[in-house]
Amino acid sequence: MNKYGFAAALSLLLASTAQAASPTESAADNALEIAKRAIAFRSVQGPGNQTPQLAAYLKRLFVEAGFPAADVTVEPVGDTAYLLLRWHGTDPKAKALAISGHMDVVEAKPSDWQRDPFTPVVENGYLFGRGATDMKLDLALVTATVIDMKRAGYKPRRDIVLAFSGDEETAMKTSAILASKAKGSTEMVLNIDGGGGMLSESGKAEYLSVSAAEKTYADFKLEVTNPGGHSSAPRKVNAINELSAALVRIGDYRFTPQLSPITKGYFEGVAPLQTSEIGAAMKAFAANPQDKRAIETLAGNPAYVGQIGTTCVSTMVSGGHALNALPQRATANINCRIFPGVKPAAVMAELERVAADPSVKFSDVTEGSNPTDASPLRPDLMNAVKKALSLARPGVPVFPAMSAGASDSMHFRAAGIPSYGISPVFIKESDDFSHGLNERTPIDNVPLAITYYRSLLTDLSK
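Residues numbered from 1 in each chain as written. Predicted model: local features only at pLDDT ≥ 70, side-chain atom pairs only at ≥ 80, totals over all residues. Heavy atoms only, no water.

For this particular structure, what's the right way to read the overall build of the protein chain?
Secondary structure summary: the protein chain contains 13 helices and 19 strands in total. What you see for the protein chain is a C-alpha radius of gyration of 24 Å, in line with the 23 Å of a compact globule of 462 residues. Taken along its principal axes, the extent of the C-alpha atoms in the protein chain is 95 × 50 × 50 Å. When each of the 462 residues of the protein chain is scored for burial, the buried share is 51%. For the protein chain, the accessible area works out to roughly 20,700 Å², and carbon and sulfur atoms hold 54% of it. Between the averaged position of the 46 positive side-chain charges in the protein chain and that of its 47 negative side-chain charges there is a distance of 4 Å. (Helix = DSSP H or I, 4+ residues; strand = E, 2+ residues; numbered from the N terminus. Rg over C-alpha atoms; globule rule 2.2 N^0.38 Å. Buried < 20%, exposed > 50% of the residue type's maximum accessible area, 1.4 Å probe, protein only. Areas by Shrake-Rupley, 256 points an atom, 1.4 Å probe, with all protein chains shown as cover. Lys, Arg positive; Asp, Glu negative; His and termini not counted. Charge placed at Lys NZ, Arg CZ, Asp CG, Glu CD.)

Hey, could you run me through the sheet that holds strand 4 (residues 121–123) in this one?
In any sheet, the strands associate via hydrogen bonds between backbone groups, in a parallel or an antiparallel arrangement. As summarised here, the arrangement of the three strands in space is 4-5-19, forming an open sheet in which the pairing is antiparallel. At either margin of the open sheet sits one strand with a lone partner, and together these are strand 4 and strand 19 (440–442). Strand-to-strand twist in this sheet, taken as the mean axis angle between neighbours without regard to direction, amounts to 25°. Relative to strand 19, strand 5 (residues 126–128) runs antiparallel, the two sharing three bridges. Bridge pairing links Leu127 to Thr441 in strand 19. (Pairing = 2+ DSSP bridges. Axes fitted to C-alpha atoms, helices over the stretch in contact; angles between N-to-C directions.)

Even after reading the chapter, I still don't get the nonpolar core, so can you show me in this structure?
In summary, soluble globular proteins display a tendency toward joint burial of nonpolar side chains. In this structure, Leu58, Phe62, Leu190, Leu381, Ile422 and Tyr452 are the most contacted members of the largest nonpolar core, which totals 72 residues. A total of nine residues in this core trace back to one element, the largest contributor, which is helix 4 (residues 136–151). Sequence-distant contacts of Tyr452, defined by excluding residues within four places in its chain, comprise Leu208, Val385, Ala388, Leu389, Ala392, Ile422 and Pro424. (Core = buried A, V, L, I, M, F, W, Y, C linked by side-chain atoms within 4.5 Å. Contact = heavy atoms within 4.5 Å.)

Would you mind going over the pattern of salt bridges with me for this structure?
As a working rule, side chains carrying opposite charge can pair if their charged atoms are close by. Using the criterion set out here, one finds 16 salt bridges in the structure. The salt bridge partner of Glu296 is Arg254, with a shortest N-O separation of 2.6 Å. Linking Glu296 in helix 9 (residues 292–299) with Arg254 in the loop between helix 6 (239–251) and helix 7 (261–270), this pair joins segments that are 42 residues apart in sequence. Residue class for Glu296 comes out partly exposed when judged on its relative accessible area of 49%. Residue Arg440 is joined to Asp431 by a salt bridge in which the shortest nitrogen-to-oxygen separation is 3.1 Å. There is no split in this pair, since Arg440 and Asp431 are both buried. Here the salt bridges share partners, and the residues they tie into one network are Glu187, Arg378 and Asp380. (Salt bridge = Lys/Arg side-chain N within 4 Å of Asp/Glu carboxyl O.)

Even after reading the chapter, I still don't get the confidence of the model for the protein chain, so can you show me in this structure?
Note: predicted coordinates in regions of low pLDDT should not be interpreted at a detailed level. On average, the protein chain scores 93 in pLDDT, and the residues at 70 or more come to 95%. Between residues 1–23, whose pLDDT stays under 50, and residues either more than four places distant or in other chains, the model counts 11 contacts. (pLDDT = per-residue confidence, 0-100.)

Right, here's the structure in full:
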């Protein structure tokens, strides 16, 4: 065969391979429709929480696709609920592959938004609505993929378990329940509420991150009490002043920067894709986490300050009891995101030393958080992710990452199950409005993400 004949044959082979790997149009359409329906449920903690109704809707979709109703559990927990689906594999001895995500979202007030947050809108290539990014689109993408694989007759070797929590954004009670049910029977967890892809501001796919670790969430209460008195007779000691001085000292303090194999790999991988200043700082920090210039550059960037160590910030403050009285009490909350491997008690002790005032009393008021170590970067997982991404977005690199926020992975890791954030949704930094106003995500992610999820679930469950 001459070189022209070979080239033509190769082109034909690649075209047929791409066609075989592409998701069906019906699966993509189904995913977008599910995402829109999911956004319309006001799955917010408190009165009128519709998370149970969203879970019931998803269960109906799974049952209609051929899953036995007995294998799809929707369990109420307080005002919310969780969904647990078990797709039985052919090898009952093999540990399960779990896919985790959450159905709830943070509060969104229609008066603050340009569009009603619970009325999904597709406009200018974006899906708008609360949960479009965090994380009802990913929930819909996995749901549509699993339904499509089931209808196509796929038979996994190991069980595939969908574990959708209902209060990840708040108390994480359902997250802990799902993790306890998975303990001892689950090989690994694919968390679709973590990782993700970065688009340049021009729309080019730059890289995908796989989150193999996350920082520990902690809240510390600071309190100063005082006898108080009449405001016309000021005293040298004032509870609000004392607390304020301690908060300023804490705000000016920087914890010793830290580097792990995961963050080192991340900085080395993404450095060439950054501006020259940020890229140089990433390379320098990866080589020497004590490099002062690199630390200053990265600490000054909100996107990367959380990657170089523990951070603590004042989030709430309250003080006094009357406009014409000296304050009897002043309190504040310090929210910390703690580098993996560091104990919250050690961080609180360090904050007490920084405050340098014994009258400021500290207490740990954290709820629903578990300190966890990083998950190992398993070759089977990373290879499967790279293969899946190459089908959806050829040539885009994959890097390990640490999440600065908390997710359901925390509870699975605490139960001894490795968990990885593997979302294939790509977004520009300037478009990331999760937890904020006018949340939106590009809909061209939909068919590519289904291709990715189908490949990944197949490779890790067969």
